[in-house]
Number of protein chains: 2
Amino acid sequence: MSLLGAIPTLVPFQYNLVDNIFSMTVATMAASGLFFFMSRSQVAPKFRPALLVSGIVVFIAAYHYFMIRQSWQGAYAFADGTGGAAGSYTGSGKAFNDFYRYADWILTVPLLMVELVAVLALSKAVARPLMVKLVVAAALMIGLGYPGEISDVWMTRVIWGVASSVPFFYILYVLWVELTASLDSQPVEARGLISAARLVLLITWAFYPIAYAIYGDSLPGAVPGIVGERSGLAVVGIQVGYAFADITAKAGFGVLIYLIAVRKTEAMTPSERAEQERAALVSA
Amino acid sequence: MSLLGAIPTLVPFQYNLVDNIFSMTVATMAASGLFFFMSRSQVAPKFRPALLVSGIVVFIAAYHYFMIRQSWQGAYAFADGTGGAAGSYTGSGKAFNDFYRYADWILTVPLLMVELVAVLALSKAVARPLMVKLVVAAALMIGLGYPGEISDVWMTRVIWGVASSVPFFYILYVLWVELTASLDSQPVEARGLISAARLVLLITWAFYPIAYAIYGDSLPGAVPGIVGERSGLAVVGIQVGYAFADITAKAGFGVLIYLIAVRKTEAMTPSERAEQERAALVSA
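Quick summary incoming for the structure in this document. In this text the structure is predicted, and so the values were computed from the model without any measurement. (Residues numbered from 1 in each chain as written. Chains lettered and ligands numbered in written order. Predicted model: local features only at pLDDT ≥ 70, side-chain atom pairs only at ≥ 80, totals over all residues. Heavy atoms only, no water.)

What follows deals with unusual backbone geometry. Residues and elements named next belong to chain A. Positive phi is not limited to glycine here, since A121 has a value of about 50 degrees. Among the structural elements, A121 can be located in the loop between α3 (99–120) and α4 (124–149). Look at A121 and you get partly exposed, because its relative accessible area is 31%. (Helix = DSSP H or I, 4+ residues; strand = E, 2+ residues; numbered from the N terminus. Buried < 20%, exposed > 50% of the residue type's maximum accessible area, 1.4 Å probe, protein only.)

Next up, the structure:
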């Protein structure tokens with residue numbers, strides 16, 4: 001897409017760093033998915049859907065990082081160095097496919113909201129409207145960002161970027177104001193972790209608009225004199241940054257969800273637990 | 001098959017859109033399959049077969065969309081633009097394989113009928129004849145459509161299309177008349193969802209004959225003066241439309257089946273549930 005024309009030449013270290021981080025991300029996502037799936041039996045039945053969704057999120061991410069890596073390898077061709085110089089990686093002519101990230105985000109970001117609301121195990125009257133708000137806002141945030149991401153026109157990027165920021169800030173508002181109000185109903189042992197989970201979402205999410213702005217800033221012909229060609233360093237930084245942000249926001253966040261579920265299970269009285277087990281038809 | 005001669009040239013955006021939507025469909029189908037399989041323990045034993053079948057339907061679809069995407073990539077070749085123009089995608093000479101869709105439908109559409117009847121948990125005297133009617137009609141509907149789909153002869157397409165419509169309308173009749181009669185035996189909490197599930201089937205199914213008619217309408221030499229060459233826009237619209245219709249009719253429909261099963265489980269008394277668990281200990 002928009003990145004085709006802008007693929008900068010990379011030294012082997014840069015190319016391999018991105019390639020290797022993508023591979024490590026696939027392994028991390030798939031491994032944490034197995035952990036979340038199989039840890040379900042360790043927590044009380046009402047927290048199991050949260051762990052199930054956590055596992056599905058990282059499995060979706062594992063698939064997309066596998067595909068992103070294939071696309072990375074297809075987008076570059078190795079050119080031998082001459083006169084004893086190290087070779088370099090230049091654009092093969094095939095585009096590096098941005099869409100995998102957006103396909104991943106549009107599927108997983110709403111599910112991250114579901115995870116968080118599900119592990120709180122609020123009453124239905126509170127949980128349903130909260131989940132609808134967060135899921136719709138998350139889908140809008142990703143969907144509105146995409147037309148800007150694939151555009152080469154600076155103003156188009158700005159307009160869609162700003163439009164995408166509206167649901168982004170709305171999510172922050174809902175997470176902070178509405179979710180804070182419901183924290184009182186959570187066991188004391190789990191409150192610190194729930195706050196941490198919200199923080200992880202916010203801190204990692206902050207990386208995405210920064211990367212969006214950097215990409216936009218280096219578009220050819222954007223603002224002459226201020227903006228140069230996209231550098232190899234920027235491409236490597238952004239790809240590695242996306243990978244770490246995704247690992248933290250999905251696998252790391254999932255670990256927090258798991259810990260919250262374990263703490264809340266431990267906070268239940270033995271009779272509550274037994275009753276839930278009975279009511280929940282636990283077989284599996 | 002029939003599409004070979006008619007593959008129109010696509011601009012990169014069109015080609016990539018279809019390619020990316022196919023990838024996202026693979027991810028969506030496989031992820032929802034994991035969800036349906038692992039959610040079985042959350043519902044009462046008698047609803048678990050419905051969730052199992054839902055998971056199998058979307059796994060079959062994930063496989064076929066993976067294959068459809070391979071076929072799409074094989075059917076097109078990228079041609080560089082000249083004089084600074086963007087390149088384009090033209091037919092590689094290999095056919096885009098329509099059969100994957102029909103293989104998918106002939107396996108999954110009867111199973112969608114099984115899902116719906118299974119989650120209703122009707123008495124055997126009612127469920128068996130209902131399931132036989134719906135499964136046979138669904139298989140006939142797909143099987144009779146295929147000879148028309150692969151034909152280049154306009155009249156052949158019409159005849160098989162009409163033949164395929166007979167079981168199609170029969171299914172509508174059975175879903176509306178016979179299934180409506182049995183709705184009274186369902187818990188009140190689940191009736192709205194069951195009606196929604198029938199509507200999802202009907203609305204998404206309406207897309208398939210429309211796509212069939214559009215493809216037929218643009219066959220070379222069909223009706224001179226009325227029918228032109230198949231356009232890139234039509235191909236992209238139909239492929240993207242099929243993908244969204246399949247996601248809705250399989251993954252979306254499966255989510256409704258899951259919600260119906262959860263609601264019906266919640267509507268059971270604790271003693272009913274305990275009794276069922278005991279009776280079901282045979283399995284797992």
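Moving on to helix α7 (residues 232–266) of chain A. Residue and element names in this part refer to chain A. Here α7 spans 50 Å end to end across 35 residues, near enough to the 51 Å set by a 1.5 Å rise per residue. The largest bend along α7 measures about 25 degrees and falls at T248. Counting buried residues in α7 gives 25 out of 35 residues, a clear majority hidden from the surface. (Expected span 1.5 Å × (residues − 1). Bend = angle between axes of the 7 residues up to and from the residue.)

Taken residue by residue, the interface counts 25 residues in chain B and 25 residues in chain A. In total, about 2100 Å² of surface goes out of reach between chain B and chain A, with carbon and sulfur atoms giving 66% of it. Counting the surface chain B buries against chain A, the share from its top three residues, N20, M24 and M38 of chain B, is 25%. If you look at where chain B meets chain A, you find one salt bridge. (Contact = heavy atoms within 4.5 Å. Buried area = accessible area lost by both parts, 1.4 Å probe. Salt bridge = Lys/Arg side-chain N within 4 Å of Asp/Glu carboxyl O.)

This part covers the relation of the copies chain B and chain A. Mapping chain B onto chain A is achieved by rotating through 77 degrees and translating by 0.3 Å along the same axis, at an RMSD of 0.1 Å. A rotation of that kind, with that shift, is consistent with a five-fold axis. (Least-squares fit on C-alpha atoms with pLDDT ≥ 70 in both.)

This model, assessed by the stated rule, comprises 10 salt bridges over all chains. Two residues, D246 of chain A and K250 of chain A, come together in a salt bridge whose shortest N-O distance is 3.2 Å. On the criterion of helical spacing, the pair formed by D246 of chain A and K250 of chain A is a turn pair, its members being four residues apart in helix α7. Judged by relative accessible area, which is 1%, D246 of chain A ranks as buried. Residue K250 of chain A is classed as buried on the basis of its relative accessible area of 2%. Measuring nitrogen to oxygen at the nearest pair gives 3.1 Å for the salt bridge that ties K250 of chain B to D104 of chain B. You can see K250 of chain B sitting in helix α7 (residues 232–266) and its partner D104 of chain B sitting in helix α3 (residues 99–120), a full 146 residues away along the chain. For the pair K250 of chain B and D104 of chain B, one class covers both residues: buried.

As a further point, take the environment of K46 of chain A. Residues and elements named next belong to chain A. Mapping K46 onto the fold places it in the loop between α1 (12–38) and α2 (48–75). Taking the C-alpha atoms as reference, K46 lies 37 Å from R69; in sequence the two are 23 residues apart. Those residues in contact with K46, other than ones at most four positions away along the chain, are A118, A121 and Q276.

One broad trend across soluble globular proteins is that nonpolar side chains are buried collectively. W72, I171 and W205 of chain A together with W72, I171 and W205 of chain B are the most contacted members of the largest nonpolar core, which has 171 residues in total. In terms of residue count, the dominant contributor to this core is α7 of chain B (17 residues). Once residues within four sequence positions are removed from consideration, I171 of chain B is found in contact with M113, L134, A137, A138, M141 and W205 of chain B. Within the second largest apolar cluster, seven residues are counted, among which are F36, A62, I247 and A251 of chain A. (Core = buried A, V, L, I, M, F, W, Y, C linked by side-chain atoms within 4.5 Å.)

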